[in-house]
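The residues making up each chain are set out below.
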Amino acid sequence: MNASHYPEPTWMRIPGRKTPSYTRPLLGSELFDDRTSVLLDGMTDACVGFTFQSLYAVDEMKQRARNAFARLRFSCPIIATNIVGDVSGPIPRSWVYAPVQSLSELTRWINDAFCTVQQDLNVTAFVEDISQRRLPYQPQNASPLWFRCYLLLGNNNTHGLYFHGPHAIMDGGPTLNAFALMLQWMTNDTTELAENLPWGTEWHNLPLGPVNATGGPREDWNIAGLELLKQLPDSEAVRTIPLASRPFRMSQSAIGKSCRLERVFDPTFTRRLVNKTRIIGCSMSHLFEAAYCMVLLARNQLPPSVWNAYHFSGNSSAISLIPHLKLPYDTKTHFVSSRTHIPIQIPMAEISPMVSPRRQLLQIVHVIQQRYTRFATHPCMPHVQAARAYQPDALSERSDIDSSVNNVGSIERRLPLSWKGAHGTESVIELESVLFSVRLTTLTPIIHIWTMKGSLHVQVQANDAWPKADLQDLLDAICSRACLVLEDFAQNPPGHPSDPPLNERSRL
């Protein structure tokens, strides 16, 4: 088997050092996320976290969170790695991890990587400040710090817990899994102290690359895999109209500073929307991707003379690799970027400009669903992003960012919102809200959707060169077009939808 990404590099000890250190190159989406960050001044570096109510006293909360974060380093040591190498060279950058050699060394790292902030829990101000900080942190007399945990202490037992790190680590699903581990340790009175763990052996918990973590090389890659890989650049090479969403006027105040706006649909409306997507057989991801495509078409005003002759490049759709991890691999501790991106290319000949907006929405949903299914169900899909790193232009000096609709899904499916103590029936920690923020240094907006406590949340964030009114207009336009799917919902008798079902079904 001569595929360029087989065999996949794994962690190796660096020779010639007195104390052990281990390294492997960044692979798959790790590599592309890192290059985006380096080439675009920290673009997509992430800040994710929760506000919560707690019954613990402040000092006990700090002690529990600090111990849990130290345990997270043992289970997910990627959070204490350094990223080294020349981004302009032909070789991918590499992770480097040095295992803990003493408790004093662990304490020094915790003092730098775990921060307590005493404030009135102004999350907006905190995130604005974080988004303007360029990773890595540079502690005195210590290695660069790429990952930090913040405990925000507020009033009335309301606090916040946030991670700040590179997207090469912080994919949505793995990040929520890491929070679940921390909250489990914080609320379990029998949790062992981190200092008692067998430090020095934690490097065995460093994450495998996307090929090894998903079951190893595919026997049919040289035929089926290469054919799948070819479809990505080929689909991008057709005559495309590069549509973009831009503010009507621009006035940037600070590099990296972003503006976030959110629409929250109440549980009743959310159920109607979810039920309708199930009737027509699409996912919420594809509904909002199609809605955003409609906004792009409307804003770019394509002339009729080119409508049927072109495709247009709308945005990109991400497929998480977490469901594809194979035993005995532990998905809960696989804390690293793990996804494949597929471009959304819409043949304009399949989209009629003469139908109603609702019918056009369904046409675009159908096209997206077909293309997504073709890639998502392919047995070689988990290795596509890893293979793309070996393409001739993969390490070029340009890094294009497409707008994307990122569906985190149901927060409750990732981690409980209520956490009880080991011997009690009362919740000692109750999660109230979640935040997803990324550093944005271009005009490209980023869209996140998720459900929490039965409500659908739709968030648009963009560089603050976008005036708030323009970003609000974009959010309103996306939501209004997505809700077109409900236009005849009341008239649809159960089991007799007016719209033909799509071939494949996805879950929210």
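Our structure is the block above this text.
These notes cover the structure that comes with them. (Residues numbered from 1 in each chain as written. Predicted model: local features only at pLDDT ≥ 70, side-chain atom pairs only at ≥ 80, totals over all residues. Heavy atoms only, no water.)

Concerning the overall build of the chain
Tallying secondary structure elements over the chain gives 13 helices and 17 strands in all. Taking all 508 residues of the chain together, 56% fall into the buried category. Put simply, 79% of the contacts in the chain that link residues at least 6 apart link residues at least 24 apart. In the form shown here, the chain has an accessible surface area of approximately 21,600 Å², with 51% of it arising from carbon and sulfur atoms. (Helix = DSSP H or I, 4+ residues; strand = E, 2+ residues; numbered from the N terminus. Buried < 20%, exposed > 50% of the residue type's maximum accessible area, 1.4 Å probe, protein only. Contact = heavy atoms within 4.5 Å. Areas by Shrake-Rupley, 256 points an atom, 1.4 Å probe, with all protein chains shown as cover.)

Some thoughts on the packing of aromatic side chains
As enumerated under the stated definition, the model contains 14 aromatic pairs in all. Judged by centre distance (5.4 Å) and plane angle (80°), the rings of Phe50 and Phe179 are edge-to-face. Of this pair, Phe50 sits in strand S3 (residues 46-54) while Phe179 sits in helix H5 (residues 172-187); the two residues are 129 residues apart in sequence, bridging distant segments of the chain. Residues Phe50 and Phe179 agree in their burial class; the two are buried. Residues Phe69 and Phe147 carry aromatic rings whose centres are separated by 6.2 Å and whose planes lie at 10° to one another, so their mutual orientation is stacked. Linking Phe69 in helix H2 (residues 58-75) with Phe147 in the loop between helix H4 (123-131) and strand S7 (148-153), this pair joins segments that are 78 residues apart in sequence. In this structure Phe69 comes out as buried when scored by relative accessible area, which is 0%. Assessed through its relative accessible area of 0%, Phe147 is described here as buried. (Phe/Tyr/Trp six-rings, centres within 6.5 Å; stacked < 30°, edge-to-face > 60°.)

Quick look at the packing of H2 against H5
Between H2 and H5, the least distance of the axes is 8 Å, while the angle of their chain directions is 130°. In terms of orientation, H2 lies oblique with respect to H5. For H2 against H5, the interelement crossing comes out right-handed. For the pair H2 and H5, the contacting residues are Met61, Arg64, Ala65, Ala68, Phe69, Arg71, Leu72 and Ser75 in the first and Ala178, Leu181, Met182, Trp185, Met186 and Thr187 in the second. (Axes fitted to C-alpha atoms, helices over the stretch in contact; angles between N-to-C directions. Parallel < 35°, antiparallel > 145°, perpendicular 65-115°, else oblique. Left-handed = near helix turned anticlockwise from the far one by under 90°.)

A word on the sheet that holds strand S10 (residues 258-265)
Strand order in this open sheet of four strands is S10-S17-S16-S13, and the pairing throughout is mixed. With one partner strand each, in any of the chains shown, S10 and strand S13 (405-410) form the two edges of the open sheet. Mean inter-strand twist for the sheet, computed between neighbouring axes without regard to direction, equals 15°. Bridge count between strand S16 (residues 446-452) and strand S17 (residues 455-463): seven bridges; the pairing is antiparallel. (Pairing = 2+ DSSP bridges.)

Some points on the sheet that holds strand S14 (residues 418-420)
Spatial ordering of the open sheet is given by S6-S7-S8-S3-S15-S14, a layout of six strands whose pairing is mixed. Across the chains shown, the open sheet's two edge strands, defined by having one partner strand only, are strand S6 (114-118) and S14. Direction aside, the axes of adjacent strands within the sheet are offset by 25° on average. Judged from the three bridges that link them, S14 and strand S15 (residues 427-438) form a sheet pairing that is antiparallel. Note on S15: the bridge partner recorded for Trp419 is Ile429. This element, helix H3 (residues 103-113), spans S6 and S7 of the sheet and lies at about 40° to S6.

Considerations on the pattern of salt bridges
It is possible for side chains of opposite charge to pair when their charged atoms get near one another. A full pass over the atoms with the stated rule returns 14 salt bridges. For Asp59, the salt bridge is made with Lys62, and the minimal N-O distance between the two is 3.8 Å. Of this pair, Asp59 and Lys62 are both found in helix H2, three residues apart, which corresponds to roughly one turn of the helix. Using a relative accessible area of 56% as the deciding quantity, one classes Asp59 as exposed. For Lys62, a relative accessible area of 28% gives the class partly exposed. (Salt bridge = Lys/Arg side-chain N within 4 Å of Asp/Glu carboxyl O.)

Some thoughts on the pairing of S6
Note: S6 against S7, five bridges, orientation parallel. Counted as the bridge partner of Val117 is Leu152 from S7. Chirality of the crossover, the property in question, places the unit of S6, H4 and S7 among those that are right-handed. (Right-handed = clockwise from strand over helix to strand, strands pointing away.)

Description of the nonpolar core
Phe69, Leu72, Phe163, Phe335, Ile411 and Leu431 are the most contacted members of the largest nonpolar core, which has 86 residues in total. No other element matches the nine residues that H5 contributes to this core. The contacts of Leu431, once residues within four sequence positions are left out, are Phe50, Thr51, Phe52, Leu183, Leu415, Pro416, Leu417, Trp419, Met452 and Lys453. Counting residues in hydrophobic clusters, the runner-up holds 49 residues, among them Ala291, Ile449, Leu456 and Leu471. (Core = buried A, V, L, I, M, F, W, Y, C linked by side-chain atoms within 4.5 Å.)

What about the state of the cysteines?
Under the defined criterion, the tally for this structure stands at zero disulfides. With no disulfide of its own, Cys115 has Cys149 as its nearest cysteine by sulfur position, at a separation of 8.6 Å. Lacking any disulfide linkage, Cys479 is separated from the closest cysteine sulfur, that of Cys483, by 6.4 Å. The class for Cys479 is buried, based on a relative accessible area of 1%. (Disulfide = S-S within 2.5 Å.)

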